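Next come the chains, spelled out residue by residue.
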Amino acid sequence: MKRHPHFFLILFPLLILSCEVRFAPDARVQVKGIIISDTGEPISDAQISVYTRRLSGGYINAPGPLGTDDYLLGRNYSNQDGTFEVTSLFDRDEDFSIVVFNENNYTNYSYTTSTVDYVPENLTFDLETLTLDRVATIDYDFTRTSVEGNTFQYVFNFRDTACLEYYVEGVLDSGLSYCYQNRTLNRTLNDNMPDIAGRFSSPYGTVVDFTYSINEQDLITQTFTIDQDNYEFTFNY
């Protein structure tokens with residue numbers, strides 16, 4: 001079922017929170033497009049949110065700046081066929097963003113631009129077709145089965161689940177954009193913490209490099225492919 005944007009409820013707190021928010025008088029913008037998976041299937045119930053001051057301290061995976069909706073201008077959800085439309089307030093700001101978020105099932109996408117001197121044609125942001133990759137979780141568990149005093153250093157190298165595209169007057173700027181960049185997760189285990197368990201997420205099909213060293217000896221690298229929605233990785237040293 002199609003849900004409707006909430007911009008009328010959002011206007012009042014925005015005006016209180018910042019005198020720098022510059023709404024265009026009597027202007028609304030439309031955001032539209034279609035969301036599909038990496039296998040070509042439509043994605044329904046994805047959350048599409050329009051923000052101003054998006055990058056004023058927030059991280060792309062968070063619902064809003066600093067994890068809040070303080071600067072939310074409009075929101076709606078994709079339909080069964082993956083199509084979506086959002087009617088939003090329009091603010092003149094350097095950090096105007098459209099964020100597509102589907103909890104933890106798919107990768108996240110952000111369209112970011114400056115609207116200080118730019119107004120889209122017909123006041124419409126047409127994102128056309130967005131493809132989101134399926135996301136898997138990796139649960140890892142390291143246990144020391146050897147004697148005390150042994151140390152274990154490890155590093156995971158994998159792909160991030162976020163994609164940010166930056167546009168300048170409607171044209172993609174690849175230099176300011178980044179999608180599914182490499183990330184690392186590392187730690188050293190010793191007598192103070194000989195065992196550890198944790199979790200991270202990465203796009204399905206990612207090849208993960210796992211590099212480790214026992215007692216600071218030569219590094220050993222293994223690779224594995226995330227071929228399950230919930231991948232389990234265990235290691236004893």
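What counts and how
- Residues numbered from 1 in each chain as written.
- Predicted model: local features only at pLDDT ≥ 70, side-chain atom pairs only at ≥ 80, totals over all residues.
- Heavy atoms only, no water.
- Helix = DSSP H or I, 4+ residues; strand = E, 2+ residues; numbered from the N terminus.
- Buried < 20%, exposed > 50% of the residue type's maximum accessible area, 1.4 Å probe, protein only.
- Contact = heavy atoms within 4.5 Å.
- Areas by Shrake-Rupley, 256 points an atom, 1.4 Å probe, with all protein chains shown as cover.
- Pairing = 2+ DSSP bridges.
- Axes fitted to C-alpha atoms, helices over the stretch in contact; angles between N-to-C directions.
- pLDDT = per-residue confidence, 0-100.
- Phe/Tyr/Trp six-rings, centres within 6.5 Å; stacked < 30°, edge-to-face > 60°.
- Lys NZ or Arg CZ within 6 Å of the ring centre and 35° of its normal.
- Disulfide = S-S within 2.5 Å.

### Notes on the overall build of the chain
Regarding its fold elements, the chain presents one helix and 17 strands. Buried positions account for 45% of the 237 residues belonging to the chain. Considering only intrachain contacts with a sequence separation of at least 6, the fraction spanning at least 24 residues in the chain is 70%. When the accessible surface of the chain is summed, it comes to about 12,500 Å², and 46% of that surface belongs to carbon and sulfur atoms.

### Looking at the environment of Tyr204
Relative to the assigned elements, Tyr204 resides in the loop between strand 14 (196–203) and strand 15 (207–214). Classification of Tyr204 as partly exposed rests on a relative accessible area of 29%. Residues Tyr204 and Asp133, 71 residues apart in the sequence, show an inter-C-alpha distance of 7.2 Å. Non-local contacts of Tyr204, meaning those with residues more than four positions away in its chain, are made with Arg134, Val135, Ala136, Arg159, Ile226, Asp227, Gln228 and Asp229.

### A few points about the sheet that holds strand 17 (residues 230–236)
Spatial strand order, 14-8-17: three strands in an open sheet with mixed pairing. Strands at the two margins of the open sheet, each flanked by one partner only, are strand 14 and strand 17. On average, adjacent strands in this sheet sit at an angle of 20° to one another, irrespective of strand direction.

### Let's talk about the sheet that holds strand 9 (residues 152–159)
Sheet architecture is open: four strands sit in the order 13-9-15-16, paired in antiparallel fashion. With one partner strand each, in any of the chains shown, strand 13 (182–189) and strand 16 (220–225) form the two edges of the open sheet. Each strand of the sheet is rotated relative to its neighbour by a mean of 15°, with strand direction disregarded. Relative to strand 16, strand 15 runs antiparallel, the two being bridged by six bridges. Each residue of the ladder has a partner; that of Asp209, found in strand 16, is Thr223.

### Here's the deal with the confidence of the model for the chain
Model confidence for the chain is summarised by a mean pLDDT of 87, while 81% of its residues fall at 70 or above. Below pLDDT 50 for its whole length, residues 56–66 participates in 33 contacts with residues either more than four positions away or in separate chains.

### Some words on the packing of aromatic side chains
On inspection of all chains with the given rule, the structure shows 29 aromatic pairs. Ring geometry for Phe152 and Tyr212: centres 5.8 Å apart, planes at 35°, overall tilted. Here Phe152, found in strand 9, pairs with Tyr212, found in strand 15; they are 60 residues apart in sequence, far enough to count as distant. Overall, Phe152 belongs to the buried group, its relative accessible area being 0%. Taking relative accessible area as the criterion, Tyr212 reaches 10% and is therefore assigned buried. Both rings, one in Phe224 and one in Tyr231, keep their centres 5.0 Å apart while their planes meet at 15°; by these two values the pair is stacked. You'll find Phe224 and Tyr231 in the same group, each marked buried. The ring centre of Tyr204 lies 3.9 Å from the NZ or CZ of Arg134, which sits over that ring.

### Remarks on the state of the cysteines
Covalent bonding between the sulfur atoms of two cysteines defines a disulfide. Tallied over the entire structure, the rule returns one disulfide. The side chain of Cys163 participates in a disulfide bridge whose partner is Cys179; the two sulfur atoms lie 1.8 Å from each other. One end of the pair, Cys163, is in strand 10 (residues 162–168); the other, Cys179, is in strand 12 (residues 178–179), with 16 residues separating them in the sequence. The class of Cys163 is buried, set by a relative accessible area of 5%. Classification of Cys179 as partly exposed rests on a relative accessible area of 32%.

### Thoughts on unusual backbone geometry
For Asn122, which is not glycine, the phi dihedral falls at a positive 60°. Within the element layout of this structure, Asn122 appears in the loop between strand 6 (108–113) and strand 7 (124–132). Overall, the relative accessible area of 67% leaves Asn122 in the exposed class. The phi dihedral of Glu169 is positive, around 50°, even though this residue is not glycine. Among the structural elements, Glu169 can be located in the loop between strand 10 and strand 11 (171–172). Glu169 gets classed as exposed once you look at its relative accessible area, which sits at 56%.

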